[in-house]
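In case you want the letters, here they are:
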Amino acid sequence: VQCRCRQSKIGNHPRCIMPADIRHGIPPSQEDLKYLELMDAARKDSLRAIEDAAKQLIGLNGIISGIYYGAVAFSKLSAAALAGNNRIIFLAPVLLWLASLIVAVLALIPRAYAYNPYSPDEAKETYTRLVATKDLRLKIALWLFVASILALAVALWIYLGILAA
């Protein structure tokens, strides 16, 4: 017997409602109904929240990369300071911001999702898959952005070391 998520057998997957958990004949309390409504609203708003976060990340990427570009363009880095590995270190934040930007934009791009319009189960499964895909892309974009901030800190540390020398 498969779970509703079709990922494992019943009893092996913690996210699925197990038949033993369903109590027949006992009406849910008002508090239970409140939490069910709350989770239903969160599920409905999840796609919009993911897309809003991706838009904010795209804007933040643009602002920080613009500040970094301006700082590097007006700094007094010599050609010798940008030789070898230092060039990679100063270029790494830009490349990570670009990767983060691309993945965040992929989280926003609309596309057609084929499903049977007469099957509520298939529509629900398609929507769940859509949200999971966009969520994964947003998480990847966020981790790339965090890595870019760490790369920026390393580049700043090296730049300050070059200025001190």
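Here the structure is shown first, and the text comes after it.
Residues numbered from 1 in each chain as written. Predicted model: local features only at pLDDT ≥ 70, side-chain atom pairs only at ≥ 80, totals over all residues. Heavy atoms only, no water.

## Quick word on the overall build of the protein
Inference 1: Looking only at helices and strands, one finds 3 helices and 0 strands in the protein.
Inference 2: For the protein, the α and β elements follow one another from N to C terminus as α-α-α.
Inference 3: A sequence separation of at least 24 residues applies to 74% of the contacts in the protein between residues at least 6 apart.
Inference 4: Counting every atom, the protein has about 12200 Å² of accessible surface; 66% of that belongs to carbon and sulfur. (Helix = DSSP H or I, 4+ residues; strand = E, 2+ residues; numbered from the N terminus. Contact = heavy atoms within 4.5 Å. Areas by Shrake-Rupley, 256 points an atom, 1.4 Å probe, with all protein chains shown as cover.)

## Some remarks on the nonpolar core
Inference 1: Counting 10 residues, the largest nonpolar core consists of Leu57, Tyr68, Phe90, Trp97, Val103, Ala104, Ala141, Phe145, Ala155 and Tyr159.
Inference 2: When residues of this core are traced back to their parent elements, those giving at least two are α1 (30-74), α2 (85-108) and α3 (120-164).
Inference 3: The residues contacting Phe145, other than those within four sequence positions of it, are Leu57, Leu60, Asn61, Ile64, Trp97 and Ser100. (Core = buried A, V, L, I, M, F, W, Y, C linked by side-chain atoms within 4.5 Å. Buried < 20%, exposed > 50% of the residue type's maximum accessible area, 1.4 Å probe, protein only.)

## Regarding the environment of Ala153
Inference 1: Summarising the element assignment, Ala153 is placed in helix α3.
Inference 2: Each C-alpha atom of the pair Ala153 and Pro93 lies 9.1 Å from the other, and the pair is 60 residues apart in sequence.

## Side note on the pattern of salt bridges
Inference 1: Per the stated rule, a full pass over the model turns up 4 salt bridges.
Inference 2: Across the pair Asp45 and Arg48 runs a salt bridge whose closest N-O atoms are separated by 3.4 Å. Residue Asp45 and its partner Arg48 are located together in helix α1, separated by 3 residues, close to a single helical turn.
Inference 3: On the accessibility criterion, Asp45 (37% relative accessible area) is partly exposed. (Salt bridge = Lys/Arg side-chain N within 4 Å of Asp/Glu carboxyl O.)

## What to know about the packing of aromatic side chains
In this description, an aromatic ring pair is defined by two values, namely the gap between the centres and the angle between the planes.
Inference 1: Taken as a whole and assessed by the stated rule, the structure comprises 1 aromatic pair.
Inference 2: For the ring pair Tyr68 and Trp97, a centre distance of 5.4 Å and an interplane angle of 70 degrees mean the geometry is edge-to-face. Taken together, the residues span a long stretch of sequence, with Tyr68 in helix α1 and Trp97 in helix α2 at a distance of 29 residues.
Inference 3: According to the relative accessible area criterion, Tyr68 is buried, its value standing at 10%. (Phe/Tyr/Trp six-rings, centres within 6.5 Å; stacked < 30°, edge-to-face > 60°.)

## Quick look at α2
Inference 1: Given a rise of 1.5 Å per residue, 24 residues ought to cover 34 Å, and the 35 Å separating the end C-alpha atoms of α2 matches this to within 8%.
Inference 2: If you look at α2, its biggest bend is around 35 degrees, right at Leu91, and the proline Pro93 turns up within four residues after that. (Expected span 1.5 Å × (residues − 1). Bend = angle between axes of the 7 residues up to and from the residue.)

## Some thoughts on α1
Inference 1: With 45 residues, α1 ought to run about 66 Å at 1.5 Å a step, and its terminal C-alpha atoms sit 63 Å apart, in line with that.
Inference 2: The principal kink in α1, of about 45 degrees, is found at Asp45.
Inference 3: By the burial criterion, the buried members of α1 are Ser46, Leu47, Ile50, Ala54, Leu57, Asn61 and Tyr68.

## Digging into a nonpolar patch on the surface
Inference 1: A cluster of nonpolar side chains, namely Leu98, Ile102, Val105, Leu106 and Ile109, defines an oily patch on the protein surface of about 390 Å² accessible area.
Inference 2: The topology assignment puts Ile102 in helix α2. (Patch = residues over 30% accessible without salt bridge, like charges linked within 9 Å, V, L, I, M, F, W, Y side chains within 5 Å.)

## Structural notes on the packing of α1 against α2
Inference 1: Interhelical geometry of α1 versus α2 gives an angle of 155 degrees and a closest axis separation of 9 Å. Classified by the angle their axes make, α1 and α2 are roughly antiparallel. Read as a crossing pair, α1 and α2 show a hand that is left-handed. Together, Glu51, Ala54, Lys55, Leu57, Ile58, Asn61, Ile64, Ser65 and Tyr68 of α1 and Phe90, Pro93, Val94, Trp97, Ser100, Leu101, Ala104, Val105, Ala107 and Leu108 of α2 make up the contact between the two elements.
Inference 2: When grouped by side-chain class, the residues that make up the contact of α1 with α2 number 14 nonpolar, 3 polar and 2 charged. (Axes fitted to C-alpha atoms, helices over the stretch in contact; angles between N-to-C directions. Parallel < 35°, antiparallel > 145°, perpendicular 65-115°, else oblique. Left-handed = near helix turned anticlockwise from the far one by under 90°. Nonpolar A, V, L, I, M, F, W, Y, C, P; charged D, E, K, R; others polar.)

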